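Below, each chain spelled out in residue letters.
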Amino acid sequence: MSDTHQPAAGPDQRATGPATAEDDIDDAAYRSGLPGPLGFVDRGIARLEAVILALGVLAMAVNTVANVVGRFVFGRSLYFAEEVNAALIVLITFAGISYAARHGRHIRMSAILDMLPVGPRKLAMIAISALTAALLFLLSWYALDYVMTQASRGRVLPALRIPQWWTLVWVPVGLFLTALQYALTALHNATHPGVWLSTGVKDGYAPAEPEDRP
Amino acid sequence: DTWRYAFEEALDEVQGVFAQKFKEEVEANSDHEVQLFPFGTLGESDNILEQTQSGILQFVNQSPGFTGALIPEAQVFLVPYLLPEDEQQLYSFFRDSEAINGIFPELYAEQGLELLTMYPEGEVMVTSNRPIAAPADFDDVKVRVMTNPLLVSSYQAFGATPTPLPWGEVYGGLQTGIIDGHENPAFFIESTRTFEVQEHITRLGHNNFTTALMANKDFFDGLSEEDQQLIRNATDAAFEHILEYQQGLTEASLEAIEAAKPSITVTTLSEEERAPFRATTEQVEATFLEIGGPRAQEVLDQMKADLEAAGS
Amino acid sequence: MTAAILGTMVVLLLLGFPMMVPLLIGAMVGFVGIFGGIGQLDTLVQQVIAGIQPASLIAVPMFIFAADLMTRGQSAARLIDLVMAFLGHVRGGLAISAAGACTMFGAVSGSTQATVVAVGGPLRPRLLKAGYSDKFTLALIINASDIAFLIPPSIGMIIYGVVSGTSISELFLAGIGPGLLILLLFSIYAYIYAVRHNVPTEPKASWSERGRALARALWPLGFPAIVIGGIYGGVFSPTEAAAACVLYALILEMVIFRDLTLKQLFATAKSTGLITAVVFILIGAGTAFSYIISFAQIPQAILGGIGIDEMGPYGVLFTIAIAFFIGCMFVDPIVVILILVPIFAPVVSASGLDPVLVGTLITLQVAIGSATPPFGCDIFTAIAVFKRPYWEVIRGTPPFIAILLFVSVLLIFFPQIALFLRDMAIS
Ligand code: NA
Ligand code: NA
């Protein structure tokens, strides 16, 4: 195929694309906001989240394609395909929200805040992070309550015939880890100069300079 | 007080008509108010059931096919050719069944639910683009079913290819041919407009869509004797109302469908034609006994005894 | 209560909280108001989970993944080169092609969020490079994607048809006219924009250059074939077509073009997962927020007081349009349809309005609402994918919204825009 050796599109065309290599989060460079051995554990969790995100998305693609192949080639659908995808999307979302919090990627409407000078902006960021953390800690508690209630009721997934709560365990975990990240962000803002979206990312839409990292 | 009542269908479908009658009865005979929440306004079927279990809602209407994920025995209503095809026999079964009035309330109570009544919604029919008169006609026909092992097993036994598809994709799927057919009561085929993209409706007589009204048990037990009676009376009134409403509902829906799409054919299979489909029952019953929970055998036996009683 | 819920949501939003917080706290205010405490918050959790689980949403991460792979590899660039070879010399050509591609892809895939990523993703850098401003580009992508609601298959119309008992086939036919009209008006606006901002054109490509561009795009042309042919041809559901695109992209970029390593594949999957998570948590939080609005029967309370029964047909149509427009500003469109259609049903039938016209008007409002702040899944998706601030993403929308509102008014006074195709099909 003559296409094979065509040069790839130039970097200028990719610079502002949806997902360029330069934008990728380098997990090896991630520093936890927690000190000592706790930081070590937290870095491990961050790695785990990254793996869940990537494998979750790949598994979803494999599962969906397998269903099509099953229907056309073998004349049989995978009756559980829908349930597997539903479980994967919960896993991806709730692993992703704490990963996004670590890297300051949550969507927010920052227009008014951006107009403030650094001092008030920093105070606002402390208040926002602390309140977000409080809300998510509370919700992680109720999520745990919800998962335990589902476990006690014994609901099963109709096709897979496995307990439904198995697919929900990452919900309280994800909410708790996200809350933890916001709590650390509040603390980081209080103890470091500048305004921080997360313990590793400075406010502003340009990526943080490496020397700004603690 | 304000009581909240959620159900799985739109306001003008069977569950909605039942709910409106219930509301009317309660409000006419007491100072209580009943707020109705139709399909989708408080989440999916499983969501509203859980909300009733946790006491946010007081009443919920859920079909046993869905409840099967929680109370496996409830899936008995998906076994084909178990319920009678004769209307009067069917109605007396629902009025007097020991399974419905004795066993199921115990099973629902274990889940914090007070089973108030079960009622039929209408004969289930199969839509397709190819005429169906024998299992061979189902060859390679992809029939959309809910993701339930009994329905999958039934349609496999009928000779079709059961294909689960989320409800939101059914209309488009029938239109483009990802699936070739689906099963539902006539009123639902009419209201969901799926007949627009199908050529044939076949009456196999294999089932009648059953549904159940229940209340949160703590709520119900905490009511005064008077209020409990009020709810029972309202349930009975709605039950009788829905049986009456159902007289001719199927025929009226089929007429409306034929008026909207004159080219569609509606075929009722004869006893001889149904025989090979009926012969699959044993196989599906075996699946039910396997997945139907600890009291599956008891429920099935009692249902059969009740049906015999209703037939005499 | 209404004021407390909506007020809390909007204030926290403006203060710059992560967007899930205003939605969740808004819902919490409602729970506390109704139940007098926070003991029922497990239902809020249930709704967040229920919101992200509908099977049809799986198309979103799959299309994001496929688009990510295409953009990192060569497929997207080759497809756009092909478009440019034919339309690069036309004023506004790229913007008009972008609008057309968004409409087409959105219509078929049924997912406006997927469209923002799959079509907007590769096209935005080219539009910027060609000289269009970012605020115009972002607004164009979001709004053109939302035309998809009107063009069949349309999940909004299916839900409306089921809830109101209206023919879905007729609704599908009625959506095409207004959908194409909007595309035409967007194209005219894009042309005017290109002229006024003096967006440069490229020199006209020769036929041999076009031939070469076509040859290079042969493999990537498989993507539109999979999506359009696959879905309309009954091979795939939209979700499956998305997954098939992922598979095809993997084969192209890893085996045929050999431009993508395993390590990059992992990075792409991770980035897809991250975008999915930040958008889906908002869909989940939005579902919890919608839940409490529905549970507290807020729409019924508001609409009960405005005396719609005494209005003529035009009054009814305008009221419906405004109610759906406002509803979709705050709440997911599907939920708005489920809640509001039954409330308006008696008035619609009493006023003798054609339910197909009403359905088309409602679907149009839903399309507008999806691109209108504060709550809009397409806005969230654009923020997550393009990593631009909320304000920048919505800044360019007013001209597009104005066009959409103009079409709404046209539709009310000239219903034939929607109904002519249906009437032709029936007679
Ligand atoms: Na569409
Ligand atoms: Na909106």
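Rules behind the numbers
Residues numbered from 1 in each chain as written. Chains lettered and ligands numbered in written order. Predicted model: local features only at pLDDT ≥ 70, side-chain atom pairs only at ≥ 80, totals over all residues. Heavy atoms only, no water. UniProt positions renumbered as here; feature names shortened; annotations may be inferred. Helix = DSSP H or I, 4+ residues; strand = E, 2+ residues; numbered from the N terminus. Contact = heavy atoms within 4.5 Å. Areas by Shrake-Rupley, 256 points an atom, 1.4 Å probe, with all protein chains shown as cover. Donors = N, O, S within 2.8 Å, 3.2 Å for Na, K, Ca; no water. Buried < 20%, exposed > 50% of the residue type's maximum accessible area, 1.4 Å probe, protein only. Axes fitted to C-alpha atoms, helices over the stretch in contact; angles between N-to-C directions. Parallel < 35°, antiparallel > 145°, perpendicular 65-115°, else oblique. Left-handed = near helix turned anticlockwise from the far one by under 90°. Nonpolar A, V, L, I, M, F, W, Y, C, P; charged D, E, K, R; others polar. Buried area = accessible area lost by both parts, 1.4 Å probe. Salt bridge = Lys/Arg side-chain N within 4 Å of Asp/Glu carboxyl O. Polar contact = N/O pair within 3.5 Å; in protein donor to acceptor, adjacent residues only side chain to side chain. Patch = residues over 30% accessible without salt bridge, like charges linked within 9 Å, V, L, I, M, F, W, Y side chains within 5 Å. Pairing = 2+ DSSP bridges. pLDDT = per-residue confidence, 0-100. Phe/Tyr/Trp six-rings, centres within 6.5 Å; stacked < 30°, edge-to-face > 60°.

- The name given to chain A in an unreviewed UniProt entry is TRAP transporter small permease protein, with the source organism recorded as Paracoccus tibetensis.
- In its Subcellular location (unreviewed entry) section, the UniProt entry covering chain A states "Cell inner membrane".

### Looking at the overall build of chain A
Okay, step 1: Helix and strand counts for chain A stand at six helices and zero strands.
Okay, step 2: The helix and strand sequence of chain A, counted from the amino end, reads α-α-α-α-α-α.
Okay, step 3: Long-range pairs, those at least 24 residues apart, make up 63% of the contacts in chain A between residues at least 6 apart in sequence.
Okay, step 4: As presented, chain A carries roughly 9,600 Å² of accessible surface, and 70% of it is formed by carbon and sulfur atoms.

### As for the coordination of the sodium ion (ligand 2)
All names here are of chain C.
Okay, step 1: Coordination of the sodium ion (ligand 2) by the protein is provided by Cys328 (O), Gly369 (O), Thr372 (O) and Phe375 (O), with metal-donor distances spanning 2.0 to 2.5 Å.
Okay, step 2: Along the chain, the residues that donate to the sodium ion (ligand 2) are spaced as C-x40-G-x2-T-x2-F. With Cys328 in helix H16 (residues 313–330) and Gly369 in helix H18 (residues 355–370), this residue pair connects regions lying 41 residues apart in the sequence.
Okay, step 3: Given the relative accessible area of 0%, Gly369 is considered buried.

### Observations concerning the environment of C:Phe172
Okay, step 1: Relative to the assigned elements, C:Phe172 resides in helix H10 (residues 168–196).
Okay, step 2: Among the residues examined, C:Phe172 registers a relative accessible area of 4% and is labelled buried.
Okay, step 3: What C:Phe172 contacts, discounting residues up to four positions off in sequence, is B:Tyr171, B:Gln175, C:Pro152, C:Pro153, C:Ser154, C:Met157 and C:Ile158.

### Considerations on the packing of helix H8 (residues 134–146) of chain C against helix H19 (residues 377–386) of chain C
Residue and element names in this part refer to chain C.
Okay, step 1: Two elements in contact, H8 and H19, have axes whose closest approach is 10 Å; the angle formed by their N-to-C orientations is 135°. Our classification of the angle between H8 and H19 gives oblique. Classified by chirality, the crossing of H19 by H8 is right-handed. Of the residues in H19, those touching H8 at Leu138, Ile141, Ile142 and Asp146 are Asp378, Ile379, Ala382 and Phe386.
Okay, step 2: Split into classes, the residues belonging to the contact of H8 with H19 amount to six nonpolar, no polar and two charged.

### Considering the interface of chain A and chain B
Okay, step 1: Listed per partner, the contact involves 18 residues of chain A and 22 residues of chain B.
Okay, step 2: For the pairing of chain A and chain B, the buried interface totals around 1,700 Å² over both sides, and the portion due to carbon and sulfur atoms is 48%.
Okay, step 3: Sorting the residues of chain A by area buried against chain B places A:Tyr79, A:Arg153 and A:Arg155 first, and these three jointly supply 43% of that buried surface.
Okay, step 4: Seen at the junction of chain A and chain B, the total is two salt bridges.
Okay, step 5: Taking the shortest distance from any N to any O, the salt bridge between A:Arg155 and B:Asp46 comes out at 3.4 Å.
Okay, step 6: Counting every contact that joins chain A to chain B gives eight residue pairs in polar contact (both at pLDDT 80 or more).
Okay, step 7: Looking at the side of chain A that touches chain B, the elements that each hand over two or more residues are helix H3 (81–102) and helix H5 (118–153) of chain A.
Okay, step 8: When residues in the side of chain A that touches chain B are grouped by element, the largest group, three residues, is from H5(A).
Okay, step 9: Looking at side-chain class alone, the side of chain A that touches chain B contains six nonpolar, five polar and seven charged residues.

### Structural notes on a nonpolar patch on the surface
Okay, step 1: Residues A:Val69, A:Phe72, A:Val73, A:Phe74 and C:Val235 make up a contiguous nonpolar surface patch of about 470 Å² in total accessible area.
Okay, step 2: A:Phe74 sits in the exposed class, given a relative accessible area of 61%.

### Describing the UniProt feature "transmembrane region" (unreviewed entry) in chain A
Okay, step 1: UniProt's feature table lists "transmembrane region" (unreviewed entry) at residues 50–74, 86–102, 123–144 and 164–184 of chain A, given in the numbering used throughout.
Okay, step 2: Between the end C-alpha atoms of residues 86–102 of chain A there is a gap of 25 Å, over a span that is 100% helix and 0% strand.

### Some words on the interface of chain C and chain A
Okay, step 1: On the side of chain A, 71 residues touch chain C, which itself brings 80 residues to the contact.
Okay, step 2: Summing the contributions of chain C and of chain A, the shared interface buries around 6,600 Å²; its carbon and sulfur component is 73%.
Okay, step 3: Interface area lost by chain C to chain A is led by C:Lys270, C:Leu274 and C:Lys387, which between them contribute 10%.
Okay, step 4: At the boundary of chain C and chain A, one finds three salt bridges.
Okay, step 5: The partner of C:Arg72 in a salt bridge is A:Asp24, with the nearest N and O atoms 2.9 Å apart.
Okay, step 6: Linking chain C with chain A are ten residue pairs in polar contact (both at pLDDT 80 or more), by the criterion used here.
Okay, step 7: The dominant element in the side of chain C that touches chain A, judged by the number of residues it contributes, is helix H14 (residues 262–295) of chain C, at 15 residues.

### Points about the pairing of strand S2 (residues 33–37) of chain B
For a regular strand, the rule is simple: side chains alternate between the two faces of the sheet.
Residues and elements named next belong to chain B.
Okay, step 1: Of all five residues making up S2, four are buried, and the element is well covered by its neighbours.
Okay, step 2: Where strand S1 (residues 2–6) lies against S2, five bridges are found, and the strand directions are parallel. What sits directly across from Tyr5, in S2, is Leu36.

### As for the confidence of the model for chain A
Residues and elements named next belong to chain A.
Okay, step 1: Mean pLDDT over chain A works out to 84, with 84% of the residues at or above the 70 mark.
Okay, step 2: Low confidence marks residues 1–20, where pLDDT is under 50. Its contacts with residues over four positions away, or in another chain, come to 41 contacts.
Okay, step 3: Confidence over residues 206–214 falls short of pLDDT 50; this stretch has ten contacts with residues more than four positions distant or in other chains.

### Considering the environment of A:Lys202
Residue and element names in this part refer to chain A.
Okay, step 1: By the secondary structure assignment, Lys202 is in the segment after helix H6 (170–191).
Okay, step 2: On the basis of relative accessible area, Lys202 is assigned to the partly exposed category, the value being 24%.
Okay, step 3: For the pair Lys202 and His103, spaced 99 residues apart in sequence, the C-alpha to C-alpha distance is 9.7 Å.

### Points about the side chain of A:Gln150
Okay, step 1: Inspection of the secondary structure assignment puts A:Gln150 in helix H5.
Okay, step 2: Dropping the residues within four chain positions of it, A:Gln150 is found in contact with A:Arg155, A:Gln164, A:Trp165, A:Leu168 and B:Glu50.

### Structural notes on the pattern of salt bridges
All names here are of chain B.
Okay, step 1: Following the criterion strictly, the structure yields 32 salt bridges over all chains and no others.
Okay, step 2: The salt bridge partner of Arg274 is Glu85, with a shortest N-O separation of 2.5 Å. One end of the pair, Arg274, is in helix H12 (residues 271–278); the other, Glu85, is in the loop between helix H3 (64–67) and helix H4 (87–96), and 189 residues separate them in sequence.
Okay, step 3: On the basis of relative accessible area, Arg274 is assigned to the buried category, the value being 7%.
Okay, step 4: The class of Glu85 is partly exposed, set by a relative accessible area of 38%.

### Things to note about the packing of aromatic side chains
Residues and elements named next belong to chain B.
Okay, step 1: Taken as a whole, this structure holds 40 aromatic pairs over all chains when the rule is applied.
Okay, step 2: Between the aromatic rings of Phe22 and Phe59, the centroid separation amounts to 5.1 Å while the plane-to-plane angle is 65°, which identifies the pairing as edge-to-face. Of this pair, Phe22 sits in helix H1 (residues 14–29) while Phe59 sits in strand S3 (residues 59–62), placing them 37 residues apart in sequence. The exposure classification of Phe22 matches that of Phe59, with both residues buried.
Okay, step 3: Arranged with centres 5.7 Å apart and planes meeting at 35°, the rings of Phe77 and Phe104 form a pair that is tilted. Of this pair, Phe77 sits in the loop between H3 and H4 while Phe104 sits in helix H5 (residues 98–109); the two residues are 27 residues apart in sequence, bridging distant segments of the chain.

### Notes on the environment of C:Ala382
All names here are of chain C.
Okay, step 1: With respect to the helices and strands, Ala382 occurs in helix H19.
Okay, step 2: A relative accessible area of 0% means that Ala382 is categorised as buried.
Okay, step 3: In contact with Ala382, not counting residues within four places along its chain, are Val116, Ile142, Lys387 and Val393.

### Looking at unusual backbone geometry
Okay, step 1: Between C:Pro373 and the following residue, C:Pro374, the backbone shows a cis peptide bond with an omega angle of 0°.
Okay, step 2: Relative to the elements of secondary structure, C:Pro374 occurs in the loop between H18 and H19.
Okay, step 3: Within the chain, B:Arg193 stands out as a residue other than glycine whose phi angle is a positive 65°.
Okay, step 4: Here B:Arg193 is to be found in the loop between helix H8 (186–191) and strand S8 (200–203).
Okay, step 5: A positive phi is found at C:Asn198, a non-glycine position, where the angle reads about 55°.
Okay, step 6: Positionally, C:Asn198 belongs in the loop between H10 and helix H11 (207–216).
Okay, step 7: Under the relative-accessibility criterion, C:Asn198 is labelled exposed at 53%.

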